[in-house]
Each structure stands twice: as structure tokens, then as C-alpha cells.
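Each chain, letter by letter, is given below.
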Amino acid sequence: AQKITQTQPGMFVQEKEAVTLDCTYDTSDPSYGLFWYKQPSSGEMIFLIYQGSYDQQNATEGRYSLNFQKARKSANLVISASQLGDSAMYFCAMAPNNDYKLSFGAGTTVTVRA
Amino acid sequence: DAGVIQSPRHEVTEMGQEVTLRCKPISGHDYLFWYRQTMMRGLELLIYFNNNVPIDDSGMPEDRFSAKMPNASFSTLKIQPSEPRDSAVYFCASSFTAGNNQPQHFGDGTRLSIL
């Protein structure tokens, strides 16, 4: 079974600053996909960014970037220039090779302060 | 484009009643997933469909839970009879294909409370 670990239950960040959310994973599959989702207080799950295990470059999507360190099995999410609307729970997830099953971490709550 | 649509958004019902949750996936997506989110267990995959066919229901907690997908644009998750421990947020998600490079797109969820 795949295991996703998010060690930070909650974080505070000042508006306009960057924040890094940690995610480590455990898998024996050589090929896998890593995903980050955002869940605001309203409850919906919003897909943010994807990183493939064979991708040579770190994924970026607007203010989101993924610091992918394959040897360390880590896929940290970086949110740059934080905004008040970034306050939410963030989940790291992984799908192993040719598999439907997304395994989720426990999530990290981010609170952006004005 | 419309996203995944779930109904109802909230459901409060008495123990023992039948509960039916509904989902309309994104048009063209051929995979549909049902998840449950609780504080204790986080997000759990219950069942998923490919081209309307159930592929894996190993995450369905008990026989009280059943799911159907009669056509490409509609799925239901039914709980009968419901129990207080079924209280959770239930998400439906869809993707263009399964696999490790396709994001699943989630609906807004149904917050279910069983009294």
C-alpha cells in the first residue's frame, strides 16, 4: 500500500510571503504520479498541480510549484506570494503506475494572515 | 465547462433511513470515483467505475452501501439502512482516464449527517 505523509498539521504565513508544504511518500513503483489538492473551508476539492515521477523538471502552475526530490521521495508544494484566499487545507496524493487509486495524506491547514 | 455535479449538498436524516447521493461526472470522462472523507480516516476511495462498469468496490465498507452507474452521465451511492457512523462528506470525482498522470476532478461533496 502507498503511504503519503504530511507532517505539518497547520501553518501560518504572512500575506505576500511564500510557504512550503511538506509531503513525503513511500512506494516501490518506478512510475507514479503526485498531485496536490486544495480544500477551502467551503469543502470542495480543487486540483492544483501534478508531477510525474519521470518528469525532468519541477511542475509549476501559476503561483504553485512543486519541489520534487525523487531520491528523497518528497514532493513539497510551494505557494508563492500568498493571498488570503489561499487559506485552506492542502492534500498531497499519489497514484502508482497505471493505477486508479489515489492515496491521500492527512493534509496541512494553511492560514494566511493579513 | 461544468464540473462534477453532486446532489444534495447537505443531507440530514434519521438512522435507518435510506440515503441516495447523486453524481454527474464531467462530460467525456470515462472514470468515476466515490470517496468518503472523515476526520478519523481522511479521504477513502469507496468504489470506482470505468465506462459505467464497477471495477473495484473493495473500499465499500458494508453491504449497506451500494453504487450504480446506469449511464455515462449519472451515478448514485446508496446507503440502506443508514447509521450514525456513516456521517461524513461524500465526494464524487471523475477523470478522462485512470492512471498516474490524470488528475481526478472532484465535485463539491455531499455532507451527510445521520442522527
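This one's a predicted model, so the numbers in the text were calculated from it and none came from an experiment. (Residues numbered from 1 in each chain as written. Chains lettered and ligands numbered in written order. Predicted model: local features only at pLDDT ≥ 70, side-chain atom pairs only at ≥ 80, totals over all residues. Heavy atoms only, no water.)

Caption draft 1: Local environment of the interface of chain B and chain A. At the junction of the two partners, chain B supplies 21 residues and chain A supplies 22 residues. Between chain B and chain A, the buried area comes to about 1,600 Å², and carbon and sulfur atoms account for 58% of it. Where chain B touches chain A, the interface holds 0 salt bridges. On the surface where chain B and chain A come into contact, there are 2 residue pairs in polar contact (both at pLDDT 80 or more). Residues that form the side of chain B that touches chain A fall into these classes: 9 nonpolar, 9 polar and 3 charged. (Contact = heavy atoms within 4.5 Å. Buried area = accessible area lost by both parts, 1.4 Å probe. Salt bridge = Lys/Arg side-chain N within 4 Å of Asp/Glu carboxyl O. Polar contact = N/O pair within 3.5 Å; in protein donor to acceptor, adjacent residues only side chain to side chain. Nonpolar A, V, L, I, M, F, W, Y, C, P; charged D, E, K, R; others polar.)

Caption draft 2: View of the sheet that holds strand β8 (residues 74–79) of chain B. Residue and element names in this part refer to chain B. Pairing is antiparallel across the open sheet formed by 4 strands, whose spatial order is β1-β3-β8-β7. What marks the edges here is a single partner per strand, and that holds for β1 (5–7) and β7 (65–71). Adjacent strand axes in the sheet meet at a mean angle of 15 degrees, parallel and antiparallel pairs treated alike. Relative to strand β3 (residues 19–24), β1 is paired through 3 bridges, and the arrangement is antiparallel. Considered in β3, the bridge of Ser 7 is made with Arg 22. (Pairing = 2+ DSSP bridges. Helix = DSSP H or I, 4+ residues; strand = E, 2+ residues; numbered from the N terminus. Axes fitted to C-alpha atoms, helices over the stretch in contact; angles between N-to-C directions.)

Caption draft 3: Structural view of the pairing of β7 of chain B. All names here are of chain B. Direction of pairing for β7 relative to β8: antiparallel, over a ladder of 5 bridges. Of the residues in β8, the one forming a bridge with Lys 68 is Thr 76. If you look at the hairpin formed by β7 and β8, you'll find 2 residues sitting between the two strands.

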